[in-house]
Amino acid sequence: EAGEGPRATLTHMPPLLATAGDDGVALWDGGAVARRRFSPHAAQVSALRWTANDRVLASSSHDGSVVLSERDGSLFDTLRPQARGPDGPAPVLSVTWSPASRYLASGSADALVRIFDLQKREHALTLRGHRAGVCALSWSPSEVHVASASTAGDVIVHRVQGSVAAVCRADTAPPGARGDHAVRGLHWSPFHPTKLATGSEDGVVSLWETAAPLRGGSHAAGAAGLPRAVQLHKFEAHSAACCGVAWSAVNHHLLVSAAADGSIVFYDTTRLAVVRTLWSSDQSFTSLAFAPDGLHLACGAADGSACIFDLRSSDDSPLWSTRAHDGPVSAMAFQRASGAESPGGGGGG
């Protein structure tokens, strides 16, 4: 049963961790059992994101909704992007907050990105340009740009302040390539505001420079006439689908990715080198979260297990692990504050 068999109860607790699976959402503070469980959706949860003040958790789902939940699991609000598929509401595949948490972006299977203004409680923008479902989103640290990625392997950078427009794109799949090149991981660097990282279904992790298009420079035109981002480097350390990428919030150079081959890979993005690899031969990772403290990394797996690594340790085994869900762990998100002290209740950030 989900929640049984933790490897350890943590004495030095990382920030509160939210995980999701087919059986709902669970909150973990390093204890033997989940601190709380709740079911905000009628179908699988696709993504989880906390507001900047840790008070509200956004979850997107294949039921076509985005639900905003309090830390106790109670409903704060429900957003319905009104995306339609052939059989009803189109699944919402991704969600992310703006850095100040006033705005929330959702990506749906209808290839559209929708932005909601939570202060005004209204749908503010619709962003277009993809030809397939939007399965990953990331907001730039400046809040000026949103990057979106699709199941077809394309990434589009949208300007969402001032004159709203798509300003550049990156294509992770080579021309004429066959197979699944869905971009499952997408993250703006917190320290380099024009640099993006992507992780794809083929296991490739790429670094992209968007500086020239964002500053009005000239890049080779891609599809739809948009300037192309420059691929700075391509890492091929994984042998199976990459489930996520994340930059460290404290180390300017550190990027991490996890994949279905059971590997977690750490990269020095300045030296363009792999600096550490953690292996779990009996796991197929399906989700990844890097704590804002830069010290803790969480991974979820296809068998429903979740684990937390302490990056200060030379031991490659998890600091904590448990059976979190009855099926694959589809999403994870750390709060910012420590698990013992993070604030509860309240409204959106």
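The model shown is predicted, which means the values in this text are computed figures rather than measured ones. (Residues numbered from 1 in each chain as written. Predicted model: local features only at pLDDT ≥ 70, side-chain atom pairs only at ≥ 80, totals over all residues. Heavy atoms only, no water.)

**Quick word on the environment of Leu104**
And step 1. Of note, Leu104 is situated in strand β11 (residues 103-108).
And step 2. On the basis of relative accessibility, which here comes to 0%, the residue Leu104 falls in the buried class.
And step 3. Taking the C-alpha atoms as reference, Leu104 lies 9.7 Å from Val66; in sequence the two are 38 residues apart.
And step 4. For Leu104, the contacting residues outside a window of four places in its chain are Ala58, Val66, Leu68, Leu79, Val95, Thr96, Trp97, Arg114, Ile115, Phe116, Leu118 and Trp139. (Helix = DSSP H or I, 4+ residues; strand = E, 2+ residues; numbered from the N terminus. Buried < 20%, exposed > 50% of the residue type's maximum accessible area, 1.4 Å probe, protein only. Contact = heavy atoms within 4.5 Å.)

**Comments concerning the side chain of Ser69**
And step 1. By the secondary structure assignment, Ser69 is in strand β6 (residues 66-70).
And step 2. For Ser69, a relative accessible area of 2% puts it in the buried group.
And step 3. Once residues lying within four places of it in the same chain are set aside, the contact partners of Ser69 are Phe38, Pro40, Arg55, Val56, Leu57, Ser74 and Phe76.

**Concerning the environment of Ser138**
And step 1. On the secondary structure map, Ser138 appears in strand β14 (residues 134-139).
And step 2. Overall, the relative accessible area of 4% leaves Ser138 in the buried class.
And step 3. Along the chain, Ser138 and Ser148 lie 10 residues apart, while their C-alpha atoms are 6.6 Å from each other.
And step 4. In contact with Ser138, other than residues within four places in its own chain, are Thr96, His145, Val146, Ala147, Leu186, His187 and Trp188.
And step 5. Among the polar contacts made by the side chain of Ser138, one reaches the main-chain amide nitrogen of Trp188 at a distance of 3.0 Å. (Polar contact = N/O pair within 3.5 Å; in protein donor to acceptor, adjacent residues only side chain to side chain.)

**Some points on the sheet that holds strand β21 (residues 230-235)**
To summarise the sheet geometry, strands pair through backbone hydrogen bonds and adopt either a parallel or an antiparallel arrangement.
And step 1. Read from one edge of the open sheet, four strands run β18-β19-β20-β21, paired in antiparallel fashion. Only two strands of the sheet have a single partner each, and these edge strands are β18 (183-188) and β21. In this sheet, neighbouring strand axes are inclined to one another by 20 degrees on average, regardless of whether the strands run parallel or antiparallel.
And step 2. Sheet topology note: the strand β19 (residues 195-200)/strand β20 (residues 205-209) ladder contains five bridges and is antiparallel. Opposite Leu196, over in β20, you have Trp208 as the bridge partner. (Pairing = 2+ DSSP bridges. Axes fitted to C-alpha atoms, helices over the stretch in contact; angles between N-to-C directions.)

**A look at the side chain of Asp54**
And step 1. Along the chain, the position of Asp54 falls in the loop between β4 (45-50) and β5 (56-61).
And step 2. For Asp54, which is buried and forms no salt bridge, the nearest opposite charge comes from Arg336, at a distance of 5.2 Å. (Lys, Arg positive; Asp, Glu negative; His and termini not counted. Salt bridge = Lys/Arg side-chain N within 4 Å of Asp/Glu carboxyl O.)

**Brief notes about unusual backbone geometry**
And step 1. With phi around 70 degrees, Ser101 is a residue other than glycine that occupies positive phi space.
And step 2. Mapped onto the secondary structure, Ser101 falls in the loop between β10 (92-97) and β11.
And step 3. The phi angle at Arg121 is positive, at roughly 55 degrees, despite the residue not being glycine.
And step 4. Tracing the sequence through the fold places Arg121 in the loop between β12 (113-117) and β13 (122-127).
And step 5. Residue Arg121 is classed as exposed on the basis of its relative accessible area, which comes to 53%.

**Side note on the sheet that holds β4**
And step 1. Pairing is antiparallel across the open sheet formed by four strands, whose spatial order is β4-β5-β6-β7. Each edge of the open sheet carries a strand with a single partner, namely β4 and β7 (75-79). Sheet twist, expressed as the average angle between the axes of neighbouring strands with direction ignored, equals 20 degrees.
And step 2. Sheet analysis places β6 next to β7, joined by four bridges and oriented antiparallel. Bridging across to β7, Leu68 finds its partner in Asp77.

Any functional reading would require information beyond the geometric quantities listed.
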